[in-house]
Amino acid sequence: MPKLDKFDIAILNCLQEDARATNVEIAERVNLSPSPCLRRIRNLERSGLLRGYRADIDRKEAGLGLTVFVELKVGHHSKENSEMQQAALLAIPEVVACHLISGSADFLAEVVVEDLAAYEKVMSEKLLVLPGVVDLRSNFAIRTIKTNGALKLPQPE
């Protein structure tokens, strides 16, 4: 990971606010000329710290009105089983985020679908049939307060 300075942090914050901002706009906001600004952006991309750019789509407006947080518990813990579970969860398009967690469950998956009927189908045809899953608990979001928030980046020393 590259050592970030105040310009890198400022560039990343600008991109988190508006990933469609032009290089010239970002350079102005961070007090750099366009050429060094673009060089820094390319370095952040090459390092893997800046992974990409994407559209922030309103789930409800897109017809995806149900968000479910699913706790999955697996029966047999091994590196191979964990890797197999991870690969299977990555292959489910309705799973928009997934975490390996500690506690009563092993994985926490965020599932986004149209409605309860669509979730029932994902649960019965994709989640419950995952090899090794012994328990599944669904937590339904009543209202979404915040998604895809900007990261509070550490300040350089």
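Here the structure is a predicted model, which means the values were calculated and not measured.

So, how was this worked out
- Residues numbered from 1 in each chain as written.
- Predicted model: local features only at pLDDT ≥ 70, side-chain atom pairs only at ≥ 80, totals over all residues.
- Heavy atoms only, no water.
- Phe/Tyr/Trp six-rings, centres within 6.5 Å; stacked < 30°, edge-to-face > 60°.
- Helix = DSSP H or I, 4+ residues; strand = E, 2+ residues; numbered from the N terminus.
- Buried < 20%, exposed > 50% of the residue type's maximum accessible area, 1.4 Å probe, protein only.
- Salt bridge = Lys/Arg side-chain N within 4 Å of Asp/Glu carboxyl O.
- Pairing = 2+ DSSP bridges.
- UniProt positions renumbered as here; feature names shortened; annotations may be inferred.
- Axes fitted to C-alpha atoms, helices over the stretch in contact; angles between N-to-C directions.
- Parallel < 35°, antiparallel > 145°, perpendicular 65-115°, else oblique.
- Left-handed = near helix turned anticlockwise from the far one by under 90°.
- Contact = heavy atoms within 4.5 Å.
- Nonpolar A, V, L, I, M, F, W, Y, C, P; charged D, E, K, R; others polar.
- Expected span 1.5 Å × (residues − 1).
- Arc of directions from axis to C-beta.

## Comments concerning the packing of aromatic side chains
Line of reasoning, step 1. Counted according to the given criterion, the structure contains one aromatic pair.
Line of reasoning, step 2. Between Tyr119 and Phe140, the aromatic rings sit 5.7 Å apart at their centres with planes inclined by 85 degrees, giving edge-to-face as the arrangement. Residue Tyr119 is located in helix α5 (residues 116-127), and its partner Phe140 is located in strand β4 (residues 133-140); the two are separated by 21 residues in the primary sequence.
Line of reasoning, step 3. Taking the relative accessible area as the measure of exposure, Tyr119 reaches 2% and is therefore buried.

## A few points about the pattern of salt bridges
Line of reasoning, step 1. A full pass over the atoms with the stated rule returns eight salt bridges.
Line of reasoning, step 2. Across the pair Arg137 and Asp135 runs a salt bridge, and its minimum N-O distance is 3.2 Å.
Line of reasoning, step 3. When salt bridges that share partners are traced, they join Asp5, Asp8 and Arg40 into one network.

## Topic: unusual backbone geometry
Line of reasoning, step 1. A positive phi angle, near 65 degrees, is found at Asn31, a position not held by glycine.
Line of reasoning, step 2. Counting through the fold element by element, Asn31 comes out in the loop between α2 (23-30) and α3 (34-47).

## Concerning the pairing of strand β2 (residues 95-100)
Line of reasoning, step 1. With five bridges connecting them, β2 and strand β3 (residues 107-113) associate as antiparallel partners. For Val95, the partnering residue across the bridge sits in β3 and is Val111.
Line of reasoning, step 2. A loop of six residues connects β2 with β3, the two strands running antiparallel in sequence, and Gly103 in this loop sits at a positive phi of about 115 degrees.

## As for the UniProt feature "domain: HTH asnC-type" (unreviewed entry) in the protein
Line of reasoning, step 1. Here, the residues flagged by UniProt with the feature "domain: HTH asnC-type" (unreviewed entry) are residues 4-65.
Line of reasoning, step 2. A distance of 39 Å separates the end C-alpha atoms of residues 4-65, which is 55% helix and 0% strand.

## Things to note about the packing of helix α1 (residues 6-17) against α2
Line of reasoning, step 1. Contact geometry for α1 and α2: axes closest at 10 Å, N-to-C directions at 130 degrees. Considering the angle they form, α1 stands oblique to α2. Handedness of the crossing formed by α1 with α2: right-handed. Within the contact between the two elements, α1 uses Phe7, Ala10, Ile11, Cys14, Leu15 and Glu17 and α2 uses Ile26, Arg29 and Val30.
Line of reasoning, step 2. Broken down by class, the residue content of the contact of α1 with α2 amounts to seven nonpolar, no polar and two charged.

## Regarding α3
Line of reasoning, step 1. Look at α3: 20 Å from first C-alpha to last across 14 residues, which is about the 20 Å you get at 1.5 Å a residue.
Line of reasoning, step 2. Of all the residues in α3, the buried ones are Cys37, Ile41 and Leu44. Buried residues of α3, viewed axially, fall in a sector of 60 degrees; they line one side.
Line of reasoning, step 3. Considering only its buried residues, α3 is in contact with α1 and α2.
Line of reasoning, step 4. A positive backbone phi angle near 90 degrees is found at Gly48, which sits one or two residues after α3.

## Quick notes on the sheet that holds β2
As a general point, the strands of a sheet are linked pairwise by backbone hydrogen bonds and lie either parallel or antiparallel.
Line of reasoning, step 1. A sheet is described by the order of its strands in space; here four strands give the open sequence β2-β3-β1-β4, paired in antiparallel fashion. The open sheet has two free edges, formed respectively by β2 and β4, since each of these has just one partner strand. Each adjacent strand pair in this sheet contributes to an overall mean axis angle of 20 degrees, direction not counted.
Line of reasoning, step 2. With seven bridges connecting them, strand β1 (residues 66-74) and β4 associate as antiparallel partners. Its bridge partner lying in β4, Val68 is registered against Phe140.
Line of reasoning, step 3. Strands in contact with helix α4 (residues 79-90) are β1, β2, β3 and β4; relative to β3, the strand with the most contacts, it is inclined by about 10 degrees.

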